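# A structural walkthrough
Okay, here's what each chain looks like letter by letter:
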Amino acid sequence: MTVVDTRLSPHMLAQESSLSAPFVELSDVKLMFGEADGTMALDGLSMTVGKGEFVSVVGPSGCGKSSLMKLVTGLLPCSAGTIRVAGDVVRDPLHIVGMAFQNPTLLPWRSTLRNVLLPTEVSRMKRRKRFGNREADVRKAKNLLALVGLEDFADKNPWALSGGMQQRVNLCRSLIHDPELLMLDEPFGALDAFTREELWGLLQRLWQEHDFTCILVTHDLREAVYLSDRVFVMGPRPGRVIAEHRIDFPRPRSLDITFEPEFAKLVKTIRHQIDRPHGAVGEVK
């Protein structure tokens, strides 16, 4: 694997001890769909994520980015290799994970508040304590909605919200149970450019205030560089990591950095690596 390093930021220096004992670790992971003559989706995928780190995974369509999410969360077993989260081998769906996808998948018959509360209700039913801590959950949900500017829409149904507002609700729902790990699969991919950039700032603030580890899968290279401590570049199927970039821009970040020459150069380098995954990986002039 080729590693492209920039200078280490103070945030990344604080993560160095975490990287020596990763919070998420994939070691030589393989994923085969079907029998021996089936499709090899991932082959030799290895990567680590430190506790509290924000990383992005980018690559061409079909390289296994979404499969990576299912493997890490325990929704899909790997064919070979090892996946560990918080020191334990992943064998079943994890309860410490929050997830958000491109489609907010809000239930249209439930209000904004009740959509945010849904994971807590499911969790209580599984523990046979359906009505325990309901008041605390409601307070937490309202606080999250206030944080994303939707406190006045708690009683509205999803069809009354814009796409960007629905995705804000989606993020609140993924954080309601205080997950240690947040997995995001193209959460802003269906939104217009202005709304998407607005939600970059929101996600950055949520991550800084709630102290979770985040893995973002995205096709938007600007989004990956803007939000991340590190960016992993995957090659075409069977997917594996072909390059890794440390991002040194200071936090909190504003959209002004997206116009900086160093930002544009890094985005161009990553695009070059995706376009030429089997060639030499290096600087783009």
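Structure's up top.
So, here's what we can say about the structure. Being a predicted model, the structure only gives us computed values, none of them experimental. (Residues numbered from 1 in each chain as written. Predicted model: local features only at pLDDT ≥ 70, side-chain atom pairs only at ≥ 80, totals over all residues. Heavy atoms only, no water.)

### Here we look at the overall build of the protein
The condition is simple: Helix numbering and strand numbering both begin at the N terminus, where a helix is a DSSP run of H or I of at least 4 residues and a strand a DSSP run of E of at least 2. To sort residues, take the accessible area from a 1.4 Å probe on protein chains only and compare it with the maximum for the residue type: under 20% means buried, over 50% means exposed, and anything in between is partly exposed. Every residue pair with non-hydrogen atoms within 4.5 Å of one another is taken to be in contact. To measure how exposed things are, a 1.4 Å probe is used in the Shrake-Rupley method; for residues, cover is taken only from the protein chains shown.
Helix and strand content of the protein: eight helices and 11 strands. Residues classed as buried in the protein amount to 49% of the 285 residues present. Considering only residue pairs separated by 6 or more positions, the protein has 71% of its internal contacts joining residues 24 or more positions apart. Accessible surface for the protein amounts to roughly 13,900 Å². Of this, 52% is attributable to carbon and sulfur atoms.

### Remarks on the pattern of salt bridges
Counted only if it meets this: For salt bridges, the criterion is a side-chain nitrogen of Lys or Arg within 4 Å of an Asp or Glu carboxyl oxygen.
Per the stated rule, a full pass over the model turns up 11 salt bridges. The shortest N-O distance in the salt bridge between Glu-53 and Arg-230 comes to 2.6 Å. In this pair, Glu-53 sits in the loop between strand 3 (39–49) and strand 4 (54–58) while Arg-230 sits in strand 10 (residues 230–234), placing the two residues 177 residues apart along the sequence. Of the residues examined, Glu-53 reaches a relative accessible area of 0% and is grouped as buried. On the basis of relative accessible area, Arg-230 is assigned to the buried category, the value being 2%. One salt bridge connects Glu-121 with Arg-110, and the closest N-O pair in it is separated by 2.9 Å. In this pair, Glu-121 is assigned in helix 3 (residues 112–126) and Arg-110 in the loop between strand 7 (97–101) and helix 3, connecting sequence segments 11 residues apart. By the burial criterion, Glu-121 is buried, and Arg-110 matches it. Salt bridges here are not isolated pairs; linked through shared partners, they connect Glu-53, Arg-230 and Glu-244.

### Examining the packing of helix 5 (residues 163–175) against helix 6 (residues 193–210)
Axis angle and axis distance: for two packed helices, these are the angle between their axes and the distance between the axes, and together they describe the pair. What counts is decided by this rule: To obtain each axis, a line is fitted to C-alpha atoms, and for helices this fit is confined to the stretch in contact; angles are then taken between N-to-C directions over 0 to 180 degrees. Oblique is the label for any angle not under 35 degrees, not over 145, and not in the 65 to 115 range, which are roughly parallel, roughly antiparallel and roughly perpendicular in turn. With the far helix as reference, a near helix turned anticlockwise by less than a right angle produces a left-handed crossing, and one turned clockwise produces a right-handed crossing.
Interaxial distance between helix 5 and helix 6 falls to 11 Å at its minimum, and their mutual angle equals 20°. Here helix 5 is positioned roughly parallel relative to helix 6, judged by the angle of their axes. For the crossing formed where helix 5 meets helix 6, the hand is right-handed. Every residue of helix 6 that contacts helix 5 at Gly-164, Gln-167, Arg-168, Leu-171 and Leu-175 is listed here: Thr-195, Glu-198, Leu-199, Leu-202, Leu-203 and Leu-206.

### A look at the sheet that holds strand 2 (residues 24–33)
What counts is decided by this rule: Between any two strands, at least two bridges found by DSSP are needed for them to pair.
Read from one edge to the other, the open sheet built from four strands follows the order 3-2-5-6, with strand pairing classed as antiparallel. Each edge of the open sheet is held by one strand with a lone partner, namely strand 3 and strand 6 (88–89). Across the sheet, helix 2 (residues 65–72) is in contact with strand 2, strand 3 and strand 5 (80–85); its angle to strand 2 comes to roughly 115°.

### With respect to the environment of Val-55
Topologically, Val-55 is positioned in strand 4. It is 8.4 Å that separates the C-alpha atoms of Val-55 and Thr-213, two residues lying 158 residues apart in sequence. Beyond its immediate sequence surroundings of up to four residues, Val-55 is in contact with Val-49, Cys-214, Ile-215, Leu-216, Ser-228, Arg-230 and Phe-232.

### As for the pairing of strand 2
One ladder, built from seven bridges, connects strand 2 with strand 3; its direction is antiparallel. If you follow Leu-31 over to strand 3, its bridge partner there is Leu-42. One ladder, built from five bridges, connects strand 2 with strand 5; its direction is antiparallel. Within strand 5, the residue paired with Lys-30 across the bridge is Ala-80.

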